[in-house]
Amino acid sequence: MVVAPLITLNNGKKCPQLGLGTWLSEPGEVQKAVKHAIETGYRHIDCAMLYGNEKEIGEAIREKIADGTVKREELFIVTKLWNTFHEREKVVPTCKKSLENFGLDYLDLYLIHWPVAQKIKGEFNIKLPFKDAVGIDYDYVETWKGMEECVDLGIAKSIGLSNFNSKQLERVLQNARIKPVMNQVEVSSNLNQKKLIQFCKARGVQITAYSPFGSPARPWAKPGDPVLRLDDPKLVKIGQKYNKTASQVILRYLIQLGTIPIPKSSNPQRIEQNIDVFDFELSEEDMKIVDSFNCNGRAVHAEELKGLPHYPFEGVEF
Ligand SMILES: NC(=O)c1ccc[n+]([C@@H]2O[C@H](COP(=O)([O-])OP(=O)(O)OC[C@H]3O[C@@H](n4cnc5c(N)ncnc54)[C@H](OP(=O)(O)O)[C@@H]3O)[C@@H](O)[C@H]2O)c1
Ligand SMILES: *[C@@H]1O[C@H](CO)[C@@H](O)[C@H](O)[C@H]1NC(C)=O
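Residues numbered from 1 in each chain as written. Chains lettered and ligands numbered in written order. Predicted model: local features only at pLDDT ≥ 70, side-chain atom pairs only at ≥ 80, totals over all residues. Heavy atoms only, no water.

Per an unreviewed UniProt entry, the protein chain is named Alcohol dehydrogenase [NADP(+)] A-like Protein, and its organism is Tribolium castaneum. The UniProt entry for the protein chain carries this comment under Sequence similarities (unreviewed entry): "Belongs to the aldo/keto reductase family." (UniProt positions renumbered as here; feature names shortened; annotations may be inferred.)

Here it is, written out as structure tokens:
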């Protein structure tokens, strides 16, 4: 069993420095993936209401607690507030809805999924989250007040952000009663985010690295997109030096950048492989080689949110 080291957050709570991603982990296979991950030593599970699988993940977690494999307090369960629930008064009820889905009584970390707020004309359909959705100009600082109420109520131990750019993060920090502990953003060898990492760290905010492998299964992938090749000869060669795979080299690189990667897998061998990255260290020279892959190669642009108020990836350097 491999257990990831713990990182101390700005509120004194601790977060395992690697987690399991669960986006596109289908109901049916996600239970198996989560149970196998917990048996392997994963203690940090990244979820979102949008992924539509909180119920199945909760079942797996509760089963592993009930059979004595792990205690609730050893786990770090993260989920995210979707764009259509940004109004301050909707935040607490939406957090409670996620807890009901999981069958848990608190979250370790609750994140605002995107700085962009939307409204649905009609019923919200989790399978088609952008159907009949329109952007609304709602201030995420107001949303943040709802997030703070979740901490007051004890239903979220920590709160944070996701997909916030440096300016947006700064605005939240300047208006927060309770500081965000985390900004979860895309970080991979193709998009190493050194500036944003430095900016967040200087303000005591940790970075979770999503899509560490460039999200190869993303449904919007198209020819001509930047590709992150796990069979790249340079990465494979570095791996051979340490008896590790190219994917392990990338995860180790992200850890040495100071981030918390959350690779998704629902394959038992790859789940095991992805956490087996705490028994070696990349040399400075090898870190530089992986640095050279940085090409602003973002995989998650959220095209549906482009042009809406507070879209994070335009008009700002990082
Ligand atoms: N906050 C946000 O807006 C946001 C956005 C995107 C993602 N996320 C989070 O970040 C997590 C990870 O990102 P992601 O799912 O986009 O993509 P990713 O982790 O970069 O890549 C996952 C894909 O790589 C494959 N894979 C996993 N381990 C591998 C290995 N060792 N060797 C080769 N292939 C491997 C997986 O297939 P198998 O399952 O078959 O192994 C899966 O298809 C998500 O699941 C989600 O929790 C958050
Ligand atoms: C290399 O890694 C594999 C897989 O983790 C392991 O089974 C093997 O013992 C390792 N070899 C050496 C020489 O450490």
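Trainee: Got a sec to walk through unusual backbone geometry? Specific residues and values, please.
Mentor: Positive phi outside glycine occurs at aspartate 132, with the angle close to 60 degrees. Within the secondary structure, aspartate 132 is located in the loop between strand E6 (117–120) and strand E7 (133–136). With a relative accessible area of 40%, aspartate 132 lands in the partly exposed category. (Helix = DSSP H or I, 4+ residues; strand = E, 2+ residues; numbered from the N terminus. Buried < 20%, exposed > 50% of the residue type's maximum accessible area, 1.4 Å probe, protein only.)

Trainee: Tell me about the UniProt feature "active site" (unreviewed entry) in the protein chain, residues and numbers included.
Mentor: Per the UniProt entry, the sites bearing "active site" (unreviewed entry) are Tyr51 in this numbering. Mapped onto the elements of the fold, tyrosine 51 is located in the loop between strand E3 (44–46) and helix H2 (54–66). Leave out the neighbours within four places in its chain, and tyrosine 51 touches Thr22, Trp23, Asp46, Lys80 and His113. (Contact = heavy atoms within 4.5 Å.)

Trainee: Kindly report on the pairing of strand E9 (residues 182–186), identifying the contributing residues and their values.
Mentor: The element E9 is extensively covered by neighbouring structure, given that five of its five residues are classed as buried. The parallel pair strand E8 (residues 156–162) and E9 is bridged by helix H5 (residues 166–175), and the resulting crossover is right-handed. With five bridges joining them, E9 and strand E10 (residues 206–210) adopt parallel strand pairing. Opposite methionine 182, over in E10, you have glutamine 206 as the bridge partner. Handedness of the crossover is the feature at issue here: the chain leaves E9, passes through helix H6 (residues 194–202), returns alongside E10, and the resulting connection is right-handed. (Right-handed = clockwise from strand over helix to strand, strands pointing away. Pairing = 2+ DSSP bridges.)

Trainee: Could you give an account of the sheet that holds E3, with specific residues and numbers?
Mentor: Spatially, seven strands are ordered E3-E4-E5-E8-E9-E10-E11 in an open sheet, and the strand pairing comes out parallel. In this open sheet, the two strands that pair with only one neighbour each are E3 and strand E11 (260–261). Sheet topology note: the strand E5 (residues 107–112)/E8 ladder contains five bridges and is parallel. When the bridges of E8 are listed, tyrosine 110 appears paired with isoleucine 159.

Trainee: A description of helix H3 (residues 88–102) should follow, citing residues and the corresponding values.
Mentor: Relative to the 21 Å expected for 15 residues at 1.5 Å per residue, H3 spans 22 Å between its end C-alpha atoms, a close match to the ideal helical length. Those residues of H3 that sit buried are Val91, Val92, Thr94, Cys95, Ser98, Leu99 and Phe102. Viewed along the axis of H3, the buried residues span an arc of 165 degrees, placing them on a single side of the element. The exposed residues of H3 that point more than 90 degrees off its buried face are Glu89 and Glu100. Tucked inside the fold, the buried residues of H3 contact H2, strand E4 (76–81), E5 and helix H4 (140–153). A positive backbone phi angle near 75 degrees is found at glycine 103, which sits one or two residues after H3. (Expected span 1.5 Å × (residues − 1). Arc of directions from axis to C-beta.)

Trainee: Give me the packing of helix H1 (residues 30–40) against H2: which residues, what numbers.
Mentor: Running from N to C, H1 and H2 point in directions that differ by 35 degrees, and their axes come no closer than 8 Å. The hand of the H1/H2 crossing is right-handed. Taking contact as the criterion, the partners of Val30, Gln31, Val34, Lys35, Ile38 and Glu39 in H1 are, on H2, Glu56, Ile57, Glu59, Ala60, Ile61, Glu63 and Lys64. The class makeup of the residues in the contact of H1 with H2 is six nonpolar, one polar and six charged. (Axes fitted to C-alpha atoms, helices over the stretch in contact; angles between N-to-C directions. Left-handed = near helix turned anticlockwise from the far one by under 90°. Nonpolar A, V, L, I, M, F, W, Y, C, P; charged D, E, K, R; others polar.)

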